[in-house]
Amino acid sequence: MQWKPAVQSSATKILNSKLQPNREAMNTYRNFINGEWFEGSSKSVNNINPANTDDVIGTVKQATREEAKRAVEAAAASFAGWRSTPAPARGRIVARAARLLEENKEELAKILTHEEGKTLSESRGELQRSINVAEFCAGESRRMNGETIQSELPANFAYTIKQPLGVVACVTPWNFPVAIPIWKIAPALVAGNTVVFKPATLTPATAVRIVELFAEAGIPPGVLNLVLGSGSEAGDEIINHPAVKAISFTGSNEVGIRLYNDASRRGAKVQCEMGGKNPVVVLEDADLDLAVESTAQGAFGSSGQRCTATSRAVVVNDIADEFVERIAKRAGTMRIGDGMDPKTEMGPSVDEGQFKTVLQYIDIGREDGATLVCGGSRATGNGLDKGFFVNPTVFDHVTPDMRIAREEIFGPVLSVLRVKDFDEAMRVANDTEFGLSSSIFSNDAPRIFRFVDEIETGMTHINSPTTGGEAHIPFGGIKGTGIGDREQGSTALDFYTELKVVYVDYTGRKREGNLY
Ligand code: NDP
């Protein structure tokens, strides 16, 4: 079917009228397949506020394998029409979605805080990042250029064109449930692919709202499909479906590597952004106030549930006592609570599983002989008893072999590793299987730039936290963190396109001489 890029096509009108039942029943989350909203036929899963488990926000009847398969088939059927729609016309729809995200920013930020737990100011930040990414990708639709290449032969030249891949699966985690889907869906659509979006089970409300806004922006039926289902059933069905040509995954190493093995066996293209164990290195000439505040932001912001969270502080002995004293004091002043309260600085862990994992790692840290300096327990009282709150925790005298120095915890737990000098700091900082983000606090240019050269992470920061990123700048990790092309920025479309080379001979004659 050829899709005609009208502002309000009849398909869009039908789509918009079908949105209403979904909006009215906001607490029942539906799948979106081929432009239709419908409840899945698998088991029901409640969406629970992690700040107060009595508050059941909504419920999902999850999609079955069969329903996930239908989503892939719908995406496959709509591919021909979408790929032949000019890229700037595709970009206009993404630009419209960006405007709708902007208009609905506050509402979406509240939904995000309600179901994921991060503070409202963090949610607003995530929304702004998402809007920026969508705007950037919409602009890229007018820059889907190739290159023109001179030939060795007279009256010959070559050029390249970028082409879409087909059906792309976007499989996303719960910790940035708006930004990560947007930074996959927007470039995938602009490049001319059709999408099956499989969000994390824990965050269906944000996923539904994102897709509603894309539908309102005029995305044709089948081009963007939402499957609310479990990873092991619906997710597994999607990533193993032969019509899915590429999978962009963000999540844990355990799932990512399994998914990579399965999909690459059948020749599908795969991009995985996975875990982190991000270090800050603090040298003796650092601005200690800045280092402490930035480390606290990186370690405890979003309750430590960022892939770029600071989980190791590698500090030289000369200043280690002072650093530990100050970071513990800062951790003790963190205001923990419901993210909806504007005074809250740190919200809860996302669910019981994550909450228990964090507390288990705190026990492991103690058992392995690290010194617990502050935190180390569930946060209770003051309205916290019904939420998954953990006190910001600092361990000192952590050694590189301890599990809390090696494994991703995904909670507000900072390990301080003391080192004698810069060389040892580099060895310790790089002694990890992960390679996402890092930072250094120093004012010594030669050592800062040696750090930049030698640190084994995909992104690094100088005198600022390990967290953060911008829409027009590539994002991603190396080593055990990342597989495949970088997301966002100048590289955003790389994963979602194939490069075709075209040779043009305008001599009109048979070629003479060596052909190679
Ligand atoms: P998971 O790996 O548990 O889940 C990620 C997604 O994969 C979810 O949608 C999940 O569905 C789905 N999934 C699970 N099993 C399968 C399967 N067999 N087949 C297909 N899909 C499947 O990660 P989390 O959601 O717990 O997210 C936290 C992780 O994400 C952390 O490790 C964090 O570091 C990482 N992350 C990395 C980032 C980066 O840029 N490097 C950025 C943000 C997070 P379901 O929810 O239904 O299980």
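Residues numbered from 1 in each chain as written. Predicted model: local features only at pLDDT ≥ 70, side-chain atom pairs only at ≥ 80, totals over all residues. Heavy atoms only, no water.

## Looking at the nonpolar core
Moving on, step 1. Ranked by internal contacts, the top residues of the largest apolar core, which has 67 residues, are L189, F214 and L226.
Moving on, step 2. For L226, the contacting residues outside a window of four places in its chain are R30, N31, F32, I33, W37, F197, P199, A207, V208 and V211.
Moving on, step 3. Core analysis: the next-biggest nonpolar cluster, separate from the first, contains 55 residues, V281, A299, V398 and A429 among them. (Core = buried A, V, L, I, M, F, W, Y, C linked by side-chain atoms within 4.5 Å. Buried < 20%, exposed > 50% of the residue type's maximum accessible area, 1.4 Å probe, protein only. Contact = heavy atoms within 4.5 Å.)

## Side note on the site of the ligand
Moving on, step 1. Every one of the 30 residues lining the ligand counts as a neighbour, but T201, S252, M274, C307 and E408 are closest to it.
Moving on, step 2. Within the backbone of A200, an N or O atom sits 3.5 Å from an oxygen atom of the ligand.
Moving on, step 3. For the ligand, an oxygen atom lies 2.5 Å from a polar atom in the side chain of T201.
Moving on, step 4. Protein chains bury 88% of the 920 Å² of accessible surface belonging to the ligand in isolation. (Near = heavy atom within 4 Å. Polar contact = N/O pair within 3.5 Å; in protein donor to acceptor, adjacent residues only side chain to side chain. Areas by Shrake-Rupley, 256 points an atom, 1.4 Å probe, with all protein chains shown as cover.)

## Thoughts on a nonpolar patch on the surface
Moving on, step 1. Residues F449, V452 and I462 make up a contiguous nonpolar surface patch of roughly 250 Å² in combined accessible area.
Moving on, step 2. Within the fold, V452 resides in helix α15 (residues 445-454). (Patch = residues over 30% accessible without salt bridge, like charges linked within 9 Å, V, L, I, M, F, W, Y side chains within 5 Å. Salt bridge = Lys/Arg side-chain N within 4 Å of Asp/Glu carboxyl O. Helix = DSSP H or I, 4+ residues; strand = E, 2+ residues; numbered from the N terminus.)

## Overview of helix α9 (residues 253-265)
Moving on, step 1. The first and last C-alpha atoms of α9 sit 18 Å apart over 13 residues, in line with the 18 Å expected at 1.5 Å per residue.
Moving on, step 2. Every buried residue belonging to α9 is among N253, G256, L259 and A263, and all of these are buried. Across the axial projection of α9, the buried residues extend over an arc of 135°, all falling on one side. Looking at α9, the residues exposed on the side facing more than 90 degrees away from the buried face are E254 and R265. (Expected span 1.5 Å × (residues − 1). Arc of directions from axis to C-beta.)

## A word on the pattern of salt bridges
Moving on, step 1. Counted under the stated rule, the structure contains 29 salt bridges.
Moving on, step 2. One salt bridge in this structure joins R265 and D262, with 3.0 Å as the shortest N-O distance. Placement of both R265 and D262 in helix α9 is noted, with a separation of 3 residues, approximately one turn of the helix.
Moving on, step 3. Residue classification places D262 among the partly exposed positions, given a relative accessible area of 22%.
Moving on, step 4. E454 is paired through a salt bridge with R450; the nearest N and O atoms lie 3.0 Å apart. Of this pair, E454 and R450 both sit in helix α15, 4 residues apart, which is roughly one turn of that helix.
Moving on, step 5. What makes E454 partly exposed here is its relative accessible area of 33%.
Moving on, step 6. One network of salt bridges, with partners in common, ties together E284, D285, D444 and R447.

## Some words on the pairing of strand β5 (residues 56-61)
Moving on, step 1. By the bridge criterion, 2 bridges tie strand β1 (residues 28-29) to β5 in an arrangement that is parallel. Within the sheet, the bridge partner assigned to T28 lies in β5 and is T59.
Moving on, step 2. Here strand β4 (residues 44-48) pairs with β5 via 5 bridges, running antiparallel. Residue pairing across strands places N46 opposite T59, the latter belonging to β5. (Pairing = 2+ DSSP bridges.)

## A word on the environment of F32
Moving on, step 1. Position of F32 relative to the elements: it lies in strand β2 (residues 31-33).
Moving on, step 2. Relative accessible area serves as the criterion here: at 2%, F32 is assigned to the buried category.
Moving on, step 3. For the pair F32 and E212, spaced 180 residues apart in the sequence, the C-alpha separation amounts to 8.9 Å.

## Digging into the side chain of S303
Moving on, step 1. Here S303 is to be found in the loop between α10 (288-300) and β14 (310-316).
Moving on, step 2. Within the structure, S303 has its side chain in polar contact with the backbone oxygen of G347 (distance 2.8 Å).
Moving on, step 3. Sequence-distant contacts of S303, that is, excluding residues within four places in its chain, are made with M346, G347, P348, F410, G411 and P412.

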